[in-house]
Amino acid sequence: KSGAADAASLIRRHLSPAVASNSNFIAERASGSYIYSTDGQKHLDMAAGIGVVSTGHCHPKVVKAIQDQAASLIHTQQNIFAASTPMVGLIDRLLTIAPPSLTRFFFANSGSEAVDNAIKIARGHTKRQNIICFENSFHGRTYGSMALTTSKTYYRQGFAPLMPQVVVAPYPYCLHCKVREAHPDGDSWYKIQPNVKPYDPYEARGCCNAPIDALKWILKQQSAPVDTAAIIIEPIMGEGGFLTPPPSFIPALRKICDEHGILLIIDEVQAGVGRTGKWWGHQHVSGEAVEPDIMIFAKGIASGFPFAGLAVRENMFEGLASGTMGGTYGAAPLACATACATLDVIKEEKLLDNATARGRQLVKGLLDLTGKYPIIDIRGRGLMCAAEFGGKDGMSAEPGVAAAVTKAAGKRNMLLLTAGARETVRFLPPLTVSSSEIDEALHIFGESLEEVFG
Ligand code: PMP
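The residue count restarts for each chain, going from 1 along the sequence in the order it is written. In keeping with the predicted nature of the model, local features appear solely for residues at pLDDT of at least 70, side-chain atom pairs appear and are counted solely at 80 or more, and the whole-chain, interface and lining totals rest on all residues.

Undergrad: How should I be thinking about the overall build of the chain in this particular structure?
TA: Helix and strand counts for the chain stand at 13 helices and 15 strands. Each principal axis of the C-alpha atoms in the chain carries an extent, and together these give about 60 × 55 × 45 Å. Around each residue's C-beta, the other C-beta atoms within 10 Å are counted; 20 or more make the residue buried, 12 or fewer make it exposed, and counts in between make it partly exposed. All C-beta atoms are placed from the backbone. Each of the 454 residues in the chain was classed as buried or not, and the buried ones make up 50%. C-beta atoms are placed from the backbone for every residue, and two residues are taken to be in contact when these atoms lie within 7 Å. Long-range pairs, those at least 24 residues apart, make up 75% of the contacts in the chain between residues at least 6 apart in sequence. Here a strand is any run of E in DSSP of at least two residues, a helix any run of H or I of at least four, and the numbering for each starts at the N terminus.

Right under this line is the structure:
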């Protein structure tokens, strides 16, 4: 067995330092909301592998599905067999939860790979080149998806030239704006300390519907509609800081796309599969439901097994020649069986309701901490919750504050993540998390804040 000292030396000597890791623990086993490391410590998991372990670690039904599938069929390859029995089962299930007009599917292994394929479909179908993405987005680390990733410079630093024909539009990020009070379904909460003044020169640009006006100008000044294949957006910015748009924003994008024949791609990799209390993050909108042309999913769909996919409108593959899409492992039977079991558990155990209830509990507990510590915003939906820190006298927080809080939580055996270029921490527990585990997380978070700010 390797102890903590061995772990540190193994990491230092044999792993890529370009992968930024929060800890030197070696994970050994896990169950529900806890991970156990080789040094005997038990960690409360408020990260869920970045929103992946939706049904909790090693859910017995998911484990059983993997074991059974592994004993009967592990691999076929989609060019050799177009489908497998677990894939058929998965399509049946996806058809019951995907937006109704998205009736064709393509499967891949990671979110980034799925994003790249969405770009291929958008360009191949529209015969246009430009892709518009938003500030604060994270779409992945491959060359295509990296070019659409704007949440932090280091994701692309030193790697140019990137995929060309990408235009970046402003995103609504109005920390001090009352519009965010108007969420119709009452499932987004926030509190702003009255003494915190707006400090962000970007704020005017990002406020309310200003980004929609900006987008209209982009289509006049930088990317003509006839050259614009798609607009891609996360329904809630994930790595970018859990920024939640006003409920009218995605409907407004849909309208612009329809006016100009531009495709709307919604990246549900982090916000999808029940994370926000609905199956898909973009279902929290004002007015009538909005459907994308292409929806990307990954992470929570298979409880930790590498799997991703696209759900697209019936006609989206028109214009793409046979053989232009594929991959050795996409739609692997083992992954499809894991996804089937995951979706069954989410339904059987009513995990959408649990995400909503536990999310409210978490936000309420975070709100109770705002008076005592410099938290300037609490945002998100369901079990996608973040707290952003401010500094003294309404100024920006000291760089590194969120990392310090995360580290203090780590010392107390709670796994927490930072998010975005601002000072924000995010909570992404398994959708199975219990009320007492949320209480435990709030308690540890309070102690961590006391260590950093007390
Ligand atoms: N899109 C979003 C919204 C994501 O959050 C991520 C991963 N954090 C990705 C795409 C990329 O997914 P992967 O890491 O599986 O390539």
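Undergrad: Help me out: how do you make sense of the sheet that holds strand β2 (residues 34–37) in this one?
TA: Sheets are built from strands that pair by backbone hydrogen bonding, the pairs being arranged parallel or antiparallel. DSSP calls a pair of strands paired once it identifies at least 2 bridges connecting them. As summarised here, the arrangement of the 4 strands in space is β1-β2-β3-β13, forming an open sheet in which the pairing is mixed. Looking at strand neighbours, the two that pair on one side only are β1 (27–31) and β13 (414–415), the edges of this open sheet. Both strand β3 (residues 42–45) and β13 contribute to a ladder of 2 bridges, which runs parallel. Residue pairing across strands places Asp45 opposite Leu415, the latter belonging to β13. Axis definition: a line fitted to C-alpha atoms, over the contacting stretch in the case of helices. Angles run 0 to 180 degrees between N-to-C directions. Most of the contacts of helix α13 (residues 435–453) go to β3, to which it runs at about 100°, and overall it touches β3 and β13.

Undergrad: When you look at the sheet that holds strand β8 (residues 263–267) in this model, what are you seeing that I'm missing?
TA: Strand order in the open sheet formed by 7 strands is β4-β10-β9-β8-β7-β5-β6, with mixed pairing between adjacent strands. The open sheet is flanked by β4 (102–108) and β6 (166–169), the only strands paired with a single partner. Going from strand to strand, the sheet's axes swing by 20° on average, the running direction of each strand aside. Relative to strand β9 (residues 294–297), β8 is paired through 3 bridges, and the arrangement is parallel.

Undergrad: Looking at this structure, how should I read the site of the ligand?
TA: Ser110, Gly111, Ser112, Val269 and Gln270 are the nearest of the 15 residues found near the ligand. If you tally residues by element for the shell around the ligand, the top one is helix α5 (residues 111–126), at 3 residues. Classifying every residue of the shell around the ligand gives 5 nonpolar, 7 polar and 3 charged. By convention here, the C-beta atom is placed from the backbone, and a residue is near a molecule or strand when that atom is within 6 Å of it. Residue polarity follows a fixed list, in which Ala, Val, Leu, Ile, Met, Phe, Trp, Tyr, Cys and Pro are nonpolar, Asp, Glu, Lys and Arg are charged, and the others, Gly among them, are polar.

Undergrad: What is the right way to read the nonpolar core from this model?
TA: What tends to happen in soluble globular proteins is that the nonpolar side chains get buried as a cluster. Think of a nonpolar core as buried Ala, Val, Leu, Ile, Met, Phe, Trp, Tyr and Cys residues chained together by C-beta atoms that fall within 7 Å. Ranked by internal contacts, the top residues of the largest apolar core, which has 124 residues, are Ala118, Ala122, Ile131, Ile231, Ile265, Ile294 and Ile296. Take this core: its biggest share by element is 10 residues, from helix α10 (residues 333–348). The start and end points of each domain follow an automatic or database-based domain assignment. The two domains that each donate at least three residues to this core are domain 1 (4–58 + 350–453) and domain 2 (62–348). Ala122 has contacts with Ile131, Ala229, Ala230, Leu263, Ile265 and Ile294, leaving out every residue within four places of it along the chain.

Undergrad: Is there a simple way to think about the environment of His260 in this case?
TA: In this structure, His260 sits in helix α9 (residues 249–260). When the C-alpha atoms of His260 and Ala229 are compared, they prove to be 9.8 Å apart, with 31 residues separating the residues in sequence. With residues near it in sequence (within four places) discarded, His260 still touches Leu219, Pro225 and Thr228.

Undergrad: So what exactly am I meant to see when it comes to the domain arrangement of the chain here?
TA: You'll often see interface size given as the accessible area lost when the parts meet. What the domain assignment reports for the chain is domain 1 (4–58 + 350–453) and domain 2 (62–348). For domain 1 and domain 2, the distance between their C-alpha centres works out to 24 Å. The interface is formed by 37 residues belonging to domain 1 together with 40 residues belonging to domain 2. For the side of domain 1 that touches domain 2, the secondary structure elements donating two or more residues are α2 (48–51), α11 (351–370), β11 (375–381), β12 (384–389) and β15 (424–427). Sorting elements by how many residues they give to the side of domain 1 that touches domain 2 places α11 first, with 8 residues. Of the residues that constitute the side of domain 1 that touches domain 2, the class distribution is 18 nonpolar, 14 polar and 5 charged.

Undergrad: When you look at helix α8 (residues 210–221) in this model, what are you seeing that I'm missing?
TA: In an α-helix, one turn spans 3.6 residues; hence positions three or four apart end up facing the same way. Helix span, as expected, comes to 1.5 Å for every residue beyond the first. When the terminal C-alpha atoms of α8 are compared, their 16 Å separation across 12 residues agrees well with the 16 Å that a helix rising 1.5 Å per residue should span. Every buried residue of α8 is listed here: Pro211, Leu215, Ile218 and Leu219. Mapping the buried residues of α8 onto a view down its axis gives an arc of 95°, with all of them on the same face. Across α8 from its buried face, at more than 90 degrees, point the exposed residues Asp213, Trp217, Lys220 and Gln221. Picture the helix axis, draw a direction to every C-beta atom, and the arc is the one those directions span.

Undergrad: What exactly am I supposed to notice about α5 here?
TA: Between its terminal C-alpha atoms α5 stretches 22 Å, which fits the 22 Å expected from 16 residues at 1.5 Å a residue. The buried fraction of α5 is high, at 13 of 16 residues.

Undergrad: For this particular structure, what's the right way to read unusual backbone geometry?
TA: Most peptide bonds are trans, and most residues other than glycine sit at a negative phi. A cis geometry characterises the amide bond from Ala160 onward to Pro161, with omega recorded as 0°. When you line up the elements, Pro161 lands in the loop between α6 (143–147) and β6. Even without being a glycine, Ile50 presents a positive backbone phi close to 60°. You can see Ile50 is positioned in helix α2. Positioned with a positive phi, Ala331 is a non-glycine residue whose angle comes to about 65°. Among the structural elements, Ala331 can be located in the loop between β10 (308–313) and α10.

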